[in-house]
Amino acid sequence: MSTLTPTLTRKLPSHMKRNPDISLQSKNHIIGSLITNSLGSLFVALTTFVVSAADTLPNVVLLVSDDQGWGDVGYHGGEMATPNIDKLVKEGMELNRFYTYPICSTTRTSLLTGHISMRHKVFEPFDTHSGDLTLSHVDQLMNQAFKNAGYMTMTAGKWHLGHTHIRDFPINRGFDHTYGSLEAFPDYWTHNGRGGSKDWARDGKTVFENGYITDLFGNEISRLIRDRDPSKPFFSYVAFTAPHAPLQAPQEYVEKYAHIEDESRRVFCAMVEVLDVAIGNVLKAIDDEGIRDNTIVMFFSDNGAGPVGDNGDFRGRKGQLYEAGTRMPAAIRWPGKIPAGVRSEQPMVVYDLFPTLVDAIGLKTDLRTPFDGESVWDTLRTGKTRPRKTDIVIGTAKGYSIHSGDYKLVHSNINKNAPESGPQELVELFKIFEDPNETTNVANGQPEIVEKLVAKHAEWAQMISEAPYRERAGGRRNRTGDGPVSQGGRTGIDAAGGGSGDRQGTRVGGRPSGGPRRGDRPPPPRDSDGNIIHLHETVPSV
């Protein structure tokens, strides 16, 4: 900083010393000019420093979809139009082995903490059955690290990480700007939550706006990017609810898929296309602002698809530990830093992202607990692959999976709080690179590998065995336990895997009009004076 500090104690020029006739006013004028010039130099230097910081530190945009399966993107042969996602893959790096948790809250916990979700006692989605459970305030979140580094932080979408107190709102968790819902899947048109109350807010306060949720999320982030302070870099976490239930889409998009016989699938495809349009709007805002080359953009789905989505040829579905539930479409773009048009086969898990960004950008962190994830920045910037330094650990309230070298272990049905009449404990081992569809269990032929992995990760198994257990109701469910393998497509039933799917509603078509969706929203709750109660205003503040 010494080079930026002006010398305000300079000696008077020699001609002022030699000439006693120079008036005091003239001397003051000259001294004032010296001070003004020095301050001006300081301002220019500081301005240059600030602008340089904004130009040097990259912006970060995370685009996360909800329940979008492996086959629900154009570049994997999906039947819906996703030109913007496909273009992002082409302009960036396709992450062909990117893993998440099979259910949303666990993925979001791991994303923002850099930890295995079980470390935070998060095994299942946060909902009304979670009691007072909320994401821990002990550990620094990813967005808090960016905020501490001088970034403007923004989020739009669903939070779904607990809201037992207003301190749990995302606006109080290190985001400068927030927009969207606290709970998992509000109605796409009315913005009402599962209890019927309005679950829609900006910066923690309920707002009343018309529009389709996916459009609104994309528009909000695009506006914030355009209206930002250009002297500061920004971090944006866009947690779309699409194409998660309820199945609702603008009618003009649904009609584009009239050739699809299944009505639910038609609406699902329309929802994915609207999602792609919203992503395109965010990418356009980045381009319009001239910051493409200095912005890291990453896209991925939070978990596999349920019965309406398409998980490709992978075994299982959402809620299960098989590849259909955990191996996601994903891509990352950083022009000039990450090679374009490359398909990376480097195994990467969602909790690697925080340490990877720390490494790539040089962020300082204030961690209470070290990362469970590892930085894979070396593989992203080169496009090369290498053996992982750590195993990939993914878990639910029923079981866990381990990716270690050439093998994947799936240890199912180990929760001691599950009904005794439920499926029995099951250990499976797959050579995952040779057998990505998990058709052949080699556990009996490789007992030493099984024993080694089970012993190495016993702490996670212990946590899961003692976790609260609940059977998730509704929708088409998978049968857990040892059973016939289901391959590919959109059925995803009759497969083991230590988990059951989340609820999948099916109100179909355009604007709300009834229909077969399970769990239609009840009328909004009202207080004794007949006023509608809104979710954000009912959360305790003390």
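Note: the structure precedes this text.
This one's a predicted model, so the numbers in the text were calculated from it and none came from an experiment.

Enquirer: Hey, could you run me through empty space enclosed by the protein in this one?
Expert: In this approach, a probe sized like a water molecule rolls over the atoms, and the result shows the empty space that is left. All told, the structure shown has two cavities of 30 Å³ or more when counted by the stated rule. Considered as a void within the structure, the largest cavity measures approximately 110 Å³ in volume. In this structure, the largest cavity is lined by 16 residues; those nearest its centre are Pro-170, Thr-178, Tyr-179, Gly-180 and Ser-181. For the lining of the largest cavity, the elements supplying multiple residues, two or more each, are strand E4 (152-158) and strand E5 (177-181). Of the residues belonging to the lining of the largest cavity, the class tally is seven nonpolar, seven polar and two charged. Taken as a whole, the second largest cavity holds about 30 Å³ of empty space. If you trace the second largest cavity, you find it lined by Ile-296, Ile-332, Trp-334, Ile-338, Thr-356, Leu-357, Ala-360, Trp-377 and Leu-380. Broken down by secondary-structure element, the contributors of at least two residues to the lining of the second largest cavity are helix H10 (353-361) and helix H11 (377-382). Of the residues belonging to the lining of the second largest cavity, the class tally is eight nonpolar, one polar and no charged.

Enquirer: Looking at this model, I keep getting lost on the sheet that holds strand E9 (residues 295-301). Mind explaining?
Expert: What links the strands of a sheet is backbone hydrogen bonding, and the strands pair in either a parallel or an antiparallel sense. Within the open sheet, the 10 strands sit side by side as E7-E6-E5-E4-E8-E1-E9-E11-E2-E12. Their pairing is mixed. Two strands in the sheet have a free side with no partner beyond their single neighbour: strand E7 (205-206) and strand E12 (342-344). Pairing geometry for strand E6 (residues 201-202) and E7, over two bridges, is antiparallel. Residue pairing across strands places Arg-202 opposite Lys-205, the latter belonging to E7. Seen against the sheet, helix H8 (residues 263-288) touches strand E1 (59-65), E9 and strand E11 (330-333) and runs at an angle of roughly 175° to E1. The strands touched by H10 are E1 and E9; relative to E9, the strand with the most contacts, the crossing angle is about 170°.

Enquirer: Would you take a moment to explain the packing of helix H6 (residues 213-227) against H8 for this structure?
Expert: A pair of packed helices can be characterised by two numbers: the angle between their axes and the separation between those axes. Viewed as axis vectors pointing N to C, H6 and H8 meet at an angle of 5°, and their least axial separation amounts to 8 Å. Overall, the two elements H6 and H8 adopt an arrangement that is roughly parallel. Contact residues: Thr-214, Asp-215, Gly-218, Asn-219, Ile-221, Ser-222, Ile-225 and Arg-226 in H6; Val-274, Leu-275, Ala-278, Asn-281, Val-282, Lys-284, Ala-285, Ile-286 and Asp-288 in H8. Along the lines of polarity and charge, the residues of the contact of H6 with H8 split into eight nonpolar, five polar and four charged.

Enquirer: It is not clear to me how the pairing of E4 should be interpreted in this structure. Could you clarify?
Expert: Along any regular strand, the residues point their side chains to alternate faces of the sheet. Burial within E4 is extensive, with seven of its seven residues counted as buried. Direction of pairing for E4 relative to strand E8 (residues 234-239): parallel, over a ladder of six bridges. Bridging from a neighbouring strand, Ala-156 pairs with Val-238 of E8. The pairing of E4 with E5 spans five bridges and is parallel. If you follow Met-154 over to E5, its bridge partner there is His-177.

Enquirer: Got a minute to help me understand the pattern of salt bridges in this structure?
Expert: Where charged atoms from two side chains of opposite charge approach closely, those side chains can pair. This model, assessed by the stated rule, comprises 31 salt bridges. Members of the salt-bridge network, linked through shared partners, are Lys-87, Glu-91, Asp-287, Arg-292 and Arg-333.

Enquirer: Would you mind showing me how to read the sheet that holds strand E10 (residues 327-328) here?
Expert: Strand order in the open sheet formed by three strands is E10-E3-E13, with mixed pairing between adjacent strands. Each edge of the open sheet carries a strand with a single partner, namely E10 and strand E13 (348-349). Judged from the two bridges that link them, strand E3 (residues 98-99) and E10 form a sheet pairing that is antiparallel. Within E10, the residue paired with Phe-98 across the bridge is Met-328.

What counts, and where the lines are drawn
- Residues numbered from 1 in each chain as written.
- Predicted model: local features only at pLDDT ≥ 70, side-chain atom pairs only at ≥ 80, totals over all residues.
- Heavy atoms only, no water.
- 1 Å grid on protein atoms, 1.4 Å probe; cavity = no way out; pocket = protein on both sides within 12 Å on 5 of 7 lines; lining within 4 Å.
- Points joined across faces, edges and corners; volume = space filled by probe spheres on them.
- Helix = DSSP H or I, 4+ residues; strand = E, 2+ residues; numbered from the N terminus.
- Nonpolar A, V, L, I, M, F, W, Y, C, P; charged D, E, K, R; others polar.
- Pairing = 2+ DSSP bridges.
- Contact = heavy atoms within 4.5 Å.
- Axes fitted to C-alpha atoms, helices over the stretch in contact; angles between N-to-C directions.
- Parallel < 35°, antiparallel > 145°, perpendicular 65-115°, else oblique.
- Buried < 20%, exposed > 50% of the residue type's maximum accessible area, 1.4 Å probe, protein only.
- Salt bridge = Lys/Arg side-chain N within 4 Å of Asp/Glu carboxyl O.

By themselves these figures say nothing about function.
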